[in-house]
Amino acid sequence: KLGSAAAVASGFVGVAALLYYERWKRLELEARVDAMMAEEGKDAQKRNKKSGSGARYPPGVKALIMVSGESSQVGKSSVCLGLLGSILEKGLATPDEVAYIKPATQCEKPTLISKFCRSKNVESVPIGPVVFFSGFTRSFVEGSLGTSEQWLDKVYEAVYKLAQGKKYVIVDGVGYPSVGSICGLSNAHIANKLNAPVLLVGKKGVGDAVDTTNRNIAFFETLDVTVLGSVFNRLSDTGYYALEKCKHTVTMFFTKFKPEHTVYGFIPEAKELVGANEAPTKPSSDQRAPGKEKVGLKASDDVRMDASDEAKASIFIKLFSEHVDLKALLVHAENSFQGRAQISSPPPAVKPSSAAVPDSRAEIERQAKAGGAKGG
């Protein structure tokens with residue numbers, strides 16, 4: 001009996017020890033989880049500091065929207081045109097309440113969107129402050145063109161000045177999302193600085209359209225930039241990749257697997273618009289005069305739409321209005337922008353450059369072209 005009692009007692013002690021051990025392990029696990037959560041909170045604070053959450057804008061600004069795309073020629077500037085034109089046509093703002101800026105560019109010639117803004121009296125900055133001219137990136141890396149922060153400050157000040165008295169400011173991206181990352185001036189760096197949520201312009205198709213969109217979302221998220229969603233552009237009206245077929249599958253993917261990413265619409269290809277920004281704009285008679293240096297017109301010049309341009313702009317704005325959920329896009333953009341930006345405060349002054357005085361742009365380009373440069 002004594003042995004039996006001892007065995008029972010020993011069993012109780014064993015169970016108690018096991019329960020104590022399990023409780024200790026659970027407390028240890030909870031402590032580790034608490035520590036991880038605290039660390040995540042610190043990381044979030046760091047991300048918020050890194051995010052351009054200090055960007056300030058004048059009263060009355062409802063939203064900045066950056067339009068970025070998978071690649072050149074995917075239709076970023078056309079979507080900017082569709083946005084501006086639809087906002088104006090639906091009476092959501094007057095021409096003096098909207099604005100357009102392309103803060104970083106590789107192309108300085110007049111485009112349909114730059115001519116539209118001139119013709120409709122929409123305030124615009126179609127070139128700069130950042131121009132990736134031949135030799136820019138190499139000179140930047142070598143330290144003769146200032147710092148990323150200084151260029152981003154210039155971009156922010158240009159946008160702040162443009163935003164005075166505006167409801168909506170459309171920010172046109174350059175190339176694909178990471179263009180300019182070698183200088184810390186990619187689309188994501190600029191959107192981060194401006195606190196501008198991003199609308200992605202996706203390509204036609206299904207698999208490649210979704211895959212490249214996911215890749216681009218991930219790039220923007222590395223700099224804590226909000227991606228609102230996408231519009232998919234230049235879809236065919238016939239065949240295996242016809243608009244309605246792609247729309248069905250692509251929408252299903254994002255609804256099932258990425259519901260936070262809104263698909264605002266699918267825009268059909270307009271044959272009339274193919275190459276709309278590639279046709280050269282003729283110089284004025286004054287520029288063709290004898291003795292004048294033969295220079296091409298720039299987007300910053302007072303170049304307005306002709307009858308052909310008017311027709312092209314009308315076609316795309318109509319397509320955009322019919323195929324894109326503008327109301328949802330603007331609501332999402334306003335909520336995102338106003339949740340992060342500060343209103344009614346003046347912008348900080350641009351810091352003076354401590355870099356060595358650079359060669360002139362003309363000299364940098366001359367040296368770059370002499371060396372065989374083909375781009376920035």
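Residues numbered from 1 in each chain as written. Predicted model: local features only at pLDDT ≥ 70, side-chain atom pairs only at ≥ 80, totals over all residues. Heavy atoms only, no water.

Draft legend 1. Fine view of the packing of aromatic side chains. The final tally for this structure, using the stated rule, is 13 aromatic pairs. Where Phe232 meets Phe254, the ring centres are 6.4 Å apart and the plane angle is 40°; that geometry is what we call tilted. Taken together, the residues span a long stretch of sequence, with Phe232 in strand E9 (residues 227-235) and Phe254 in helix H8 (residues 243-257) at a distance of 22 residues. Judged by its relative accessible area of 1%, Phe232 falls in the buried class. Overall, the relative accessible area of 1% leaves Phe254 in the buried class. Three or more aromatic residues link up through ring pairs in this structure, and these residues are Phe132, Phe133, Phe136, Phe140 and Trp151. Geometry around Trp151 places Lys154 over its ring, the cationic atom sitting 4.4 Å from the centre. (Phe/Tyr/Trp six-rings, centres within 6.5 Å; stacked < 30°, edge-to-face > 60°. Helix = DSSP H or I, 4+ residues; strand = E, 2+ residues; numbered from the N terminus. Buried < 20%, exposed > 50% of the residue type's maximum accessible area, 1.4 Å probe, protein only. Lys NZ or Arg CZ within 6 Å of the ring centre and 35° of its normal.)

Draft legend 2. Examining helix H7 (residues 207-221) more closely. Along its 15 residues, H7 runs 21 Å from first to last C-alpha, staying within 8% of the 21 Å computed at 1.5 Å per residue. Those residues of H7 that sit buried are Ala209, Val210, Thr212, Thr213, Asn216, Ile217 and Phe220. (Expected span 1.5 Å × (residues − 1).)

Draft legend 3. Here's a closer look at the packing of helix H3 (residues 112-119) against helix H9 (residues 307-323). Where H3 contacts H9, the two axes come as close as 11 Å, and the packing angle between them is 100°. Classified by the angle their axes make, H3 and H9 are roughly perpendicular. In contact with Leu112, Lys115 and Phe116 of H3, H9 contributes Asp309, Lys312, Ala313 and Ile317. Across the contact of H3 with H9, the residue classes break down as four nonpolar, no polar and three charged. (Axes fitted to C-alpha atoms, helices over the stretch in contact; angles between N-to-C directions. Parallel < 35°, antiparallel > 145°, perpendicular 65-115°, else oblique. Contact = heavy atoms within 4.5 Å. Nonpolar A, V, L, I, M, F, W, Y, C, P; charged D, E, K, R; others polar.)

Draft legend 4. Just the sheet that holds strand E2 (residues 63-69), in detail. Taken in spatial order, the seven strands make up an open sheet running E5-E3-E7-E2-E8-E9-E10, and their pairing is parallel. Single-partner strands in this sheet number two, and they are strand E5 (123-125) and strand E10 (262-268). Within the sheet, the average angular offset between the axes of one strand and its neighbour, ignoring direction, is 20°. In the sheet, strand E3 (residues 98-101) pairs with E5 via three bridges, with the strands oriented parallel. Looking at E5, one finds that Ile101 is bridged to Val125. Relative to E3, helix H5 (residues 148-162) is tilted by about 160°, and along the sheet it contacts E2, E3, E5 and strand E7 (168-172). (Pairing = 2+ DSSP bridges.)

Draft legend 5. Quick peek at the pattern of salt bridges. Tallied over the entire structure, the rule returns 13 salt bridges. Note that Glu123 is salt-bridged to Lys166, the shortest N-O span being 2.8 Å. One end of the pair, Glu123, is in strand E5; the other, Lys166, is in the loop between H5 and E7, with 43 residues separating them in the sequence. One network of salt bridges, with partners in common, ties together Glu108, Lys298 and Arg361. (Salt bridge = Lys/Arg side-chain N within 4 Å of Asp/Glu carboxyl O.)

Draft legend 6. Examining unusual backbone geometry more closely. Between Gly128 and the following residue, Pro129, the backbone shows a cis peptide bond with an omega angle of 15°. As for its placement among the helices and strands, Pro129 is situated in the loop between E5 and strand E6 (130-131). Positive phi values are uncommon outside glycine, yet Asp224 reaches one of about 60°. In this structure, Asp224 sits in the loop between H7 and E9. On the basis of relative accessibility, which here comes to 21%, the residue Asp224 falls in the partly exposed class. The phi angle at Arg234 is positive, at roughly 65°, despite the residue not being glycine. Classification of Arg234 as partly exposed rests on a relative accessible area of 28%.

Draft legend 7. Seen up close, the pairing of E7. Within E7, five of the five residues are buried, which leaves the element mostly enclosed by the surrounding structure. Bridge count for E2 against E7 is five bridges, and the pairing is parallel. In the strand pairing of E7, Met66 is matched with Val171. In this sheet, E7 lies alongside E3 in parallel orientation, the contact comprising four bridges. What sits directly across from Val98, in E7, is Tyr168.

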